[in-house]
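Descriptive analysis of the structure
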There are 2 protein chains.
Amino acid sequence: MDTLIGAYADTPSQPQFKRLAVLGVGLLGGSFALAAKHAGLAQEVVGYSKSPSTINAAKAAGVIDHGADSALHAATGADLVLLAVPVSAIGPLLKQIRIGLSQHALVMDVGSTKSDVVAAAQECLGERSRQFVPCHPIAGGEHSGVHYARSALFDGRRVVITPMENNPDRFVEVATQIWEAVGAVVSIMEPKEHDAAFAAVSHLPHLVAFAYVYAMTRQPKGSGYLQLAGPGFRDFTRIAASDPTMWRDIFQANGSEVLQQLQLFKQAIAGFEAQMRQGNWTVLESLIRQASQSRKDWASPSPADDIA
Amino acid sequence: MDTLIGAYADTPSQPQFKRLAVLGVGLLGGSFALAAKHAGLAQEVVGYSKSPSTINAAKAAGVIDHGADSALHAATGADLVLLAVPVSAIGPLLKQIRIGLSQHALVMDVGSTKSDVVAAAQECLGERSRQFVPCHPIAGGEHSGVHYARSALFDGRRVVITPMENNPDRFVEVATQIWEAVGAVVSIMEPKEHDAAFAAVSHLPHLVAFAYVYAMTRQPKGSGYLQLAGPGFRDFTRIAASDPTMWRDIFQANGSEVLQQLQLFKQAIAGFEAQMRQGNWTVLESLIRQASQSRKDWASPSPADDIA
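Residues numbered from 1 in each chain as written. Chains lettered and ligands numbered in written order. Predicted model: local features only at pLDDT ≥ 70, side-chain atom pairs only at ≥ 80, totals over all residues. Heavy atoms only, no water.

1. Observations concerning the interface of chain B and chain A
Contacts between the two partners involve 85 residues from chain B, matched on the other side by 85 residues from chain A. Contact between chain B and chain A buries roughly 7900 Å² in total, counting both sides, with carbon and sulfur atoms accounting for 70%. Counting the surface chain B buries against chain A, the share from its top three residues, Leu228, Arg234 and Arg295 of chain B, is 9%. The tally of links between chain B and chain A comes to six salt bridges. Connecting chain B to chain A are 33 residue pairs in polar contact (both at pLDDT 80 or more). Secondary-structure elements contributing two or more residues to the side of chain B that touches chain A are strand S8 (158-161), helix H7 (191-218), helix H8 (222-226), helix H9 (231-236), helix H10 (244-253), helix H11 (255-277) and helix H12 (281-297) of chain B. Here the side of chain B that touches chain A gets 19 residues from one element, more than from any other, and that element is H7 of chain B. Looking at the side of chain B that touches chain A residue by residue, the class counts come to 53 nonpolar, 17 polar and 15 charged. (Contact = heavy atoms within 4.5 Å. Buried area = accessible area lost by both parts, 1.4 Å probe. Salt bridge = Lys/Arg side-chain N within 4 Å of Asp/Glu carboxyl O. Polar contact = N/O pair within 3.5 Å; in protein donor to acceptor, adjacent residues only side chain to side chain. Helix = DSSP H or I, 4+ residues; strand = E, 2+ residues; numbered from the N terminus. Nonpolar A, V, L, I, M, F, W, Y, C, P; charged D, E, K, R; others polar.)

If you want it as structure tokens, here you go:
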């Protein structure tokens, strides 16, 4: 079987695609479309969104060349397909496009969870899941929608690839080259390892930020208090403005890992609270000092003006 | 008794001081010294710090004109005294300087809690507490120390003043003019109201961020996970790098308000967790949606490149 991928077989360091289909033209899908054009990865970009107004906006902004009236039409004839939809929509979308998928096409997603996406690809694509390379770009942020799309979104960002067991090496290599061409740094991980790590560094912080803002704003004097909130509040709660549907999906898809991290967090909160209630201020200070030092020792991998 | 304040009695809109004493030359004290000079508020700035190396660094950086070998020496002869030390140190410091305080001198602090500072001023200054105007500039951040001091730190920032019951109006007016002269926007509040509000919008987020980083980094795979953390983690945990001593003090000084906010937060966390465990994804999404909307509706009062 031919494991080389169509048009770019002769250009190992910089793959080239005749037709990129972007399914879901939001911040990530739109930015990928722009970045792929910018990097010379794709000659033509076809976009599909459930919402016709999104397709029109994406065309008007020059993010896509053409709109398609269905995911199947967009994917048919494409040699690169990017699924940029909430993780719960990936399985249904793969089912819709399967019949139109070229044998040579490479299919990628951008979902924030990976074990569930791997399972959905196995279920919905069967043997064709060999063409599907699960990807998670650590980029995005609280501003969703094609309006915020920009070609530099992936620049300097990490993309985690969690290969399917049946992915030919060449597909994973090409996926890596694609992300590198748009400026990202690629890591390869197991799906389960990915989901455990991101429950800890991303999913739990989102849950905590949502719960904090919920508690803070729903108390009787909350709106008055909000007037006094400053930059500390602003940064701590930035992720609480993130897209509700996307995050419901992530909590559902990665629930057991998130709940496990939540238990560790609740234990820490209980420890801090106990020291306060017992007036053990020296112990409390030493807990704070350990946290403060750990945070200072962490070297932010991303430019300070970026978001995710 | 003369309630006008010395040298600036004739210049109501822009007070002027012959000698500003800054007790505690860290980020806030150093920035106030620079801003006061920059705004033409003070002719001469004398600094005191427990650590001689801090005084030397502040002099070398041009933050203060002279160093003093004791708080009393610094405050003696000053017509404006700023206490920029952790809140637990304010009472002891007031006791030390009381004997040297001019009848005309205005004394201010920059503490993040106010009920305890008001009580300390009453106890340590007695009737002279009329000269003490409690202030809380909402500025600072996770970078502490005179090295980060800058004259623009208070620009556009809010300063909450919680007057003492025995403050003559003129002292509160002059304190207001001082903060306005360095670019800040002043709000007047009751100390208790201040402490309740800041427990909600600042102190609890710090406690939560400390506990999260503590839990996250102390798990067996924590340091590996940290490698994958992105900008969401960076912003959510920025305040967890804050100064441990200062924050122990704040949690001690404002313990009951912080614990009250913590209960509201724990209830919210328990609610989110219950929806996850029961698989009520629609309800979970609606909780997230309320939080996300509240955060989007909040208009950050501060420029995005600033910190606190």
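After that view, the rundown keeps rolling.
2. As for helix H6 (residues 169-181) of chain B
Residue and element names in this part refer to chain B. Along its 13 residues, H6 runs 18 Å from first to last C-alpha, staying within 8% of the 18 Å computed at 1.5 Å per residue. Among all positions in H6, only Arg170, Phe171, Val172, Val174, Ala175, Thr176, Gln177, Ile178 and Trp179 are buried. In the segment just after H6, Gly183 is the residue with positive phi, at about 100 degrees. (Expected span 1.5 Å × (residues − 1). Buried < 20%, exposed > 50% of the residue type's maximum accessible area, 1.4 Å probe, protein only.)

3. Some thoughts on the domain arrangement of chain A
By a frequent convention, interface size equals the accessible area lost on bringing the separate parts together. Residues and elements named next belong to chain A. The domain architecture assigned to chain A consists of domain 1 (6-189) and domain 2 (193-297). Computed from C-alpha coordinates alone, the two centres of domain 1 and domain 2 are separated by 32 Å. Listed as interface residues are 17 residues of domain 1 and, on the opposing side, 15 residues of domain 2. Where domain 1 abuts domain 2, roughly 1300 Å² becomes buried across the two surfaces, and 64% of that area is made up of carbon and sulfur atoms. Taken together, domain 1 and domain 2 are joined by zero salt bridges. If you look at where domain 1 meets domain 2, you find five residue pairs in polar contact (both at pLDDT 80 or more). Classifying every residue of the side of domain 1 that touches domain 2 gives six nonpolar, eight polar and three charged. (Domains from an automatic or database assignment.)

4. Some remarks on the relation of the copies chain B and chain A
Expressed as a screw operation, the relation of chain B to chain A combines 0.0 Å of axial shift with a rotation of 180 degrees, fitting to an RMSD of 0.0 Å. When the rotation and shift are considered jointly, the pair of chain copies conforms to a two-fold rotation axis. Within chain B, the C-alpha atom positioned nearest to the axis of rotation is that of Phe236 of chain B, 2.0 Å from it. (Least-squares fit on C-alpha atoms with pLDDT ≥ 70 in both.)

5. Topic: the state of the cysteines
Linking two cysteines covalently through their sulfur atoms gives a disulfide. All names here are of chain A. All chains considered together, the criterion is met by zero disulfides over all chains. In this structure Cys124 is not part of a disulfide, and its nearest cysteine sulfur, from Cys135, lies 17 Å away. In this structure Cys124 comes out as buried when scored by relative accessible area, which is 7%. (Disulfide = S-S within 2.5 Å.)

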